[in-house]
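Residue-level listing of the chains:
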Amino acid sequence: MTTPSARPLFSATIAGSLPKPAWLSETNKLWPQWKAEGDELKQAKADATLLWIKAQEDAGLDVIGDGEQSRQHFVHGFLEQVEGIDFEHKVKMGIRNNRYDAMVPQVVSALKLKGRVHAAEARLLRAHTDKKIKFTLPGPMTIVDTVADQFYGDKVKMAMAFAELLNQEALALQADGVDIIQFDEPAFNVYMKEAADWGVKALERAAQDLTCTTAVHICYGYGIKANTDWKASLGEEWRQYETVFPALAKSTIRQVSLECYHSHVPPHLMALLDGKDVMVGVIDVASDEIETPEQVADTIGKALQYVPKNRLLPCTNCGLAPMDREVALKKLQALAQGAALARERYK
């Protein structure tokens, strides 16, 4: 189990997703279409994963992910291995409180895993790096917000059903050698009261009995127009975290990932996460401008006013999936170089 003292100061990592190469899928899209199928697609996904493992190591990151190269979307990659979900008859639904429309599958019967979901990706990742590895799963509340319910008739009941399945896969990922399992819950920033009332409970159910490090990622979304337009409507202070952070501070989840750089989140809200490791977003995913190591180190310095240095983990604000591949590579380098500079400044 990872403890704050057993890792390098300011261990750098990504939130989760990375751009897919042009030979694997469409580029610069959040829901890209694959460019192969069958065994050829399976091999292409593995090749892309190896490419990004090497890129993260070359950049100097301390915790390595698979870049979600085998998933068309961070939620649906899990759902494809769940019985009770109809992908043949998708319906248009407003998600994230109708921020944007998406074609989503329907829950039509009791939920059950078809088998392992991410065994191949996790084992490939574990076999090709000696560094600590993180694997991401969608959180139960965000899944509920990304499917159309035609069976349960109750959001909390359906969330708990998904949480049970997520827990099964998370325990198996832990057995595969995963060091950190992160649940992605952008819905926590949209349905704040519900997140505090039952979202954190569902999250804890998903993480039940895990002895590896558990994490939750709560962001303001990818750098797509629907999200940037929403952010522009939130005013000068984004206080969504204020509602859910106290509930997370009392939870069993050990790490919390949040947006910081180029956001309007009041930095002092990080103090609400006392006792947790805080993955501080120091890389903007809504801009192609490459951060300098100095800017990254400066952001870390601001966060240190509210987070103990042995608990601060520099990270990206969100996933980089829709971003240009070369821009993403340079941002990874800036992240690692900024973390190294911060180690010199604040040791």
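A few points on the structure.

Reading the values: rules and limits
Residues numbered from 1 in each chain as written. Predicted model: local features only at pLDDT ≥ 70, side-chain atom pairs only at ≥ 80, totals over all residues. Heavy atoms only, no water. Helix = DSSP H or I, 4+ residues; strand = E, 2+ residues; numbered from the N terminus. Rg over C-alpha atoms; globule rule 2.2 N^0.38 Å. Buried < 20%, exposed > 50% of the residue type's maximum accessible area, 1.4 Å probe, protein only. Contact = heavy atoms within 4.5 Å. 1 Å grid on protein atoms, 1.4 Å probe; cavity = no way out; pocket = protein on both sides within 12 Å on 5 of 7 lines; lining within 4 Å. Points joined across faces, edges and corners; volume = space filled by probe spheres on them. Nonpolar A, V, L, I, M, F, W, Y, C, P; charged D, E, K, R; others polar. Core = buried A, V, L, I, M, F, W, Y, C linked by side-chain atoms within 4.5 Å. Pairing = 2+ DSSP bridges. Axes fitted to C-alpha atoms, helices over the stretch in contact; angles between N-to-C directions. Disulfide = S-S within 2.5 Å. Salt bridge = Lys/Arg side-chain N within 4 Å of Asp/Glu carboxyl O. Expected span 1.5 Å × (residues − 1).

## Some points on the overall build of the chain
When you go through the chain residue by residue, the secondary structure sums to ten helices and ten strands. In terms of overall dimensions, the chain is globule-like: its C-alpha atoms have a radius of gyration of 19 Å, near the 20 Å expected for 347 residues. In terms of overall dimensions, the chain has a C-alpha envelope of 55 × 45 × 40 Å along the principal axes. Across the 347 residues of the chain, 58% fall into the buried class. Taking contacts inside the chain between residues at least 6 apart in sequence as the whole, the part at least 24 apart equals 78%.

## Let's talk about empty space enclosed by the protein
Counted by the stated rule, this structure contains three cavities of 30 Å³ or more. Looking at the largest cavity, its volume works out to about 210 Å³. In this structure, the largest cavity is lined by 20 residues; those nearest its centre are Phe74, Pro186, Cys219, Tyr222 and Cys318. Tallied by class, the residues present in the lining of the largest cavity amount to nine nonpolar, seven polar and four charged.

## Some points on the nonpolar core
Phe78, Leu111, Phe162 and Leu248 are the most contacted members of the largest nonpolar core, which has 105 residues in total. Of the residues forming this core, the biggest block, nine residues, is contributed by helix H5 (residues 155-175). Not counting residues within four places of it along the chain, the set of residues in contact with phenylalanine 78 comprises Leu113, Val117, His118, Leu137, Pro138, Ile143, Leu165, Leu166 and Glu169. Grouped together as the second largest cluster of nonpolar side chains are seven residues, Val63, Ile180, Met279 and Cys315 included.

## Description of the layout of surface pockets
One number sums up the size of the largest pocket: a volume of about 420 Å³. Lining the largest pocket are 17 residues, and of these Lys45, Ser70, Val117, Ala120 and Glu121 sit closest to its centre. Every element with two or more residues in the lining of the largest pocket is listed here: helix H1 (38-59) and helix H3 (119-127). Residue classes in the lining of the largest pocket are distributed as five nonpolar, six polar and six charged.

## Some points on the sheet that holds strand E6 (residues 180-184)
Adjacent strands of a sheet pair through backbone hydrogen bonds, lying either parallel or antiparallel. Spatially, the seven strands line up as an open sheet ordered E1-E4-E6-E7-E8-E9-E10, and their pairing is parallel. One side of each edge strand has no neighbouring strand; the edge strands of this open sheet are strand E1 (63-64) and strand E10 (312-316). In the packing of helix H9 (residues 293-303) onto the sheet, the strands contacted are strand E9 (277-283) and E10, and the crossing angle to E9 comes to about 145 degrees.

## Things to note about the state of the cysteines
In this structure the tally under the stated criterion is zero disulfides. Cysteine 318 supplies the cysteine sulfur nearest to cysteine 315, a cysteine that is in no disulfide, at a spacing of 9.4 Å. Judged by relative accessible area, which is 0%, cysteine 315 ranks as buried. Left unpaired, cysteine 318 is separated from the closest cysteine sulfur, that of cysteine 219, by 3.5 Å.

## Observations regarding the pattern of salt bridges
The full count for this structure, using the stated rule, is 18 salt bridges. For aspartate 197, the salt bridge identified is with lysine 193, shortest N-O distance 2.7 Å. Within this pair, aspartate 197 and its partner lysine 193 are both found in helix H6 (residues 192-206), separated by four residues, close to a single helical turn. The exposed category is assigned to lysine 193, whose relative accessible area is 58%. Linked by salt bridges that have partners in common, Arg116, Arg123, Glu169 and Asp176 make up one network.

## Structural notes on the pairing of E10
Taken across its five residues, E10 has five buried, putting it largely inside the fold. Side chains Leu312, Pro314 and Thr316 project from E10 onto one buried face, and the interleaved Leu313 and Cys315 project onto a second face that is buried too. With five bridges connecting them, E9 and E10 associate as parallel partners. From the neighbouring strand, isoleucine 283 faces E10, where its bridge partner is threonine 316.

## Some details on H5
Here H5 is 21 residues long and its end C-alpha atoms lie 30 Å apart, about the 30 Å a rise of 1.5 Å per residue gives. When H5 is considered as a whole, its buried residues turn out to be Met158, Ala159, Ala161, Phe162, Ala163, Leu165, Leu166, Asn167, Glu169, Ala170, Ala172 and Leu173. Directly beyond the C-terminal end of H5, a positive phi value near 105 degrees is found at glycine 177.

## Topic: the environment of glycine 235
For glycine 235, the location among the structural elements is in the loop between helix H7 (225-232) and helix H8 (241-249). Sequence separation between glycine 235 and alanine 15 is 220 residues; the distance between their C-alpha atoms is 25 Å.

## Remarks on the pairing of strand E8 (residues 255-258)
Side-chain alternation along E8 places Gln255 and Ser257 on one buried face and Val256 and Leu258 on a second face that is also buried. Bridge count between strand E7 (residues 213-217) and E8: three bridges; the pairing is parallel. The partner of valine 216 across the bridge, within E8, is valine 256. The pairing of E8 with E9 spans four bridges and is parallel. From the neighbouring strand, leucine 258 faces E9, where its bridge partner is valine 280.

By themselves these figures say nothing about function.
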